[in-house]
Amino acid sequence: ATLGDVRDTILGEGIAAAAFIPIVYQGRLLGKFMVYFAAPHEVADEDLLLAETVAGHIAFAIARRRADEALVRREREFEALAAQSPDIIARFDRSFRHLYVNPVIEAVTGLPVDHFIGRSNAELGQPLELTSRWERFLGGVFRTGQPAELDFAFDTPQGRRFFHSRAKPELVEGDIVQTVLCTSRDITELKREEARQRLLADVGAAMVSHLSYREALVEVAHLAVASFCDGCAI
C-alpha cells in the first residue's frame, strides 16, 4: 500500500491525529501504545507525558506477567523432574516449614506428602536432637547464603536408614535467601559397606597386634559385638 492509501484508511476510520508511544521495559521493546484523536491537532506535551506514563505501567505489567508465567513453567518442570528422582527433595522457608516435598518421602516415612506441607520437622514430631541439627543446618544456609551438607540417621518403617543431605539457597533480588532446597540421598548401603570394611581392617589389626591368640580373639569378639551383633563366641 502507498502512503496515500494508508492516509485514506486512517482518515476513513475517523482518525485525524495520533500518537505512538513505545512500550519498553529494561531497554527491550515490548509493543506500542497508541492514542487517537478525532480532530486534527498537535498532541500536548502533558498528554504525551501521560501516555508515556501509561505505557510505562503497561510495560511493567507485561514484564511482571511474563516473569510470573515463566516462574510457573519452571516450577512445573522442577516438580516433574523431582517426582522422578530417587532422592528426597524438599524446599523450606525461613521458619523451616516444608513448602514442597517430592513423593519419595512417602516411601521413606510412610506418611503422605500433604502431611509435611506447611510444617517444620519440630511440628512433625521428629526427635529433638534431629530437629535441632536440621534447624542449625538450614539456618546456616539462610544466614550465609552458602550451600551446606549434613549426614543424619532416620528411623523409618523399614528400620534405621542413613541419609546425606545437600542444601542450597534459592535467592531473590538483592541476593536475599528466600528458600532453601534440600536433596537427601539414602546412603545406608554405603554406610554399611564402610562399617564392614572398617570391621575387617580392625579384625586384621587385632590379629597381628597381640602376641596371645586368646587376647586377639577376645578383641575380635568385642569388635563384632560393637559392629553388628549382640553377642559373639569364638
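What you are looking at is a predicted structure, and each value in this text was computed from that prediction instead of being measured. (Residues numbered from 1 in each chain as written. Predicted model: local features only at pLDDT ≥ 70, side-chain atom pairs only at ≥ 80, totals over all residues. Heavy atoms only, no water.)

Q: I keep staring at the packing of aromatic side chains and nothing clicks. Help me out?
A: Aromatic ring pairs are described here by two measures, namely the spacing of the ring centres and the angle between the planes. Scanning all chains against the criterion turns up six aromatic pairs. Between phenylalanine 96 and phenylalanine 142, the aromatic rings sit 6.5 Å apart at their centres with planes inclined by 50°, giving tilted as the arrangement. One end of the pair, phenylalanine 96, is in the loop between strand E3 (88-92) and strand E4 (98-101); the other, phenylalanine 142, is in helix H4 (residues 128-144), and 46 residues separate them in sequence. One exposure class covers both phenylalanine 96 and phenylalanine 142, and it is buried. Seen from their ring centres, tryptophan 134 and phenylalanine 137 are 5.2 Å apart, and the 80° between their planes marks the pair as edge-to-face. Highlighted residues: tryptophan 134 and phenylalanine 137, both in helix H4, separated by three residues, approximately one helical turn. In terms of burial, tryptophan 134 and phenylalanine 137 fall into one category: buried. (Phe/Tyr/Trp six-rings, centres within 6.5 Å; stacked < 30°, edge-to-face > 60°. Helix = DSSP H or I, 4+ residues; strand = E, 2+ residues; numbered from the N terminus. Buried < 20%, exposed > 50% of the residue type's maximum accessible area, 1.4 Å probe, protein only.)

Q: I'm lost on the nonpolar core in this one. Help?
A: Within the largest apolar cluster, 25 residues are counted, with the highest numbers of intra-cluster contacts made by Trp134, Leu138, Val180 and Cys182. Those elements giving two or more residues to this core turn out to be E3, helix H3 (104-109), H4, strand E5 (148-156), strand E6 (159-172) and strand E7 (176-186). Those residues in contact with cysteine 182 that lie beyond four places of it in its chain are Ile88, Ile89, Ala90, Phe92, Trp134, Phe137, Leu138, Arg166 and Ala167. Ala19, Ile21, Ile23 and Ala59 belong to the second largest nonpolar core, which has eight residues in total. (Core = buried A, V, L, I, M, F, W, Y, C linked by side-chain atoms within 4.5 Å. Contact = heavy atoms within 4.5 Å.)

Q: Teacher, can you tell me more about a nonpolar patch on the surface here?
A: On the surface, a nonpolar cluster with roughly 550 Å² of combined accessible area is contributed by Met207, Val208, Tyr213, Leu217 and Ile234. Counting residues per element, the ones that place at least two in the nonpolar patch are helix H5 (188-209) and helix H6 (213-227). Among the structural elements, leucine 217 can be located in helix H6. (Patch = residues over 30% accessible without salt bridge, like charges linked within 9 Å, V, L, I, M, F, W, Y side chains within 5 Å. Areas by Shrake-Rupley, 256 points an atom, 1.4 Å probe, with all protein chains shown as cover. Salt bridge = Lys/Arg side-chain N within 4 Å of Asp/Glu carboxyl O.)

Q: How should I be thinking about the pairing of E7 in this particular structure?
A: As paired elements, E3 and E7 share five bridges and run antiparallel to each other. Bridge pairing links alanine 90 to cysteine 182 in E7. (Pairing = 2+ DSSP bridges.)

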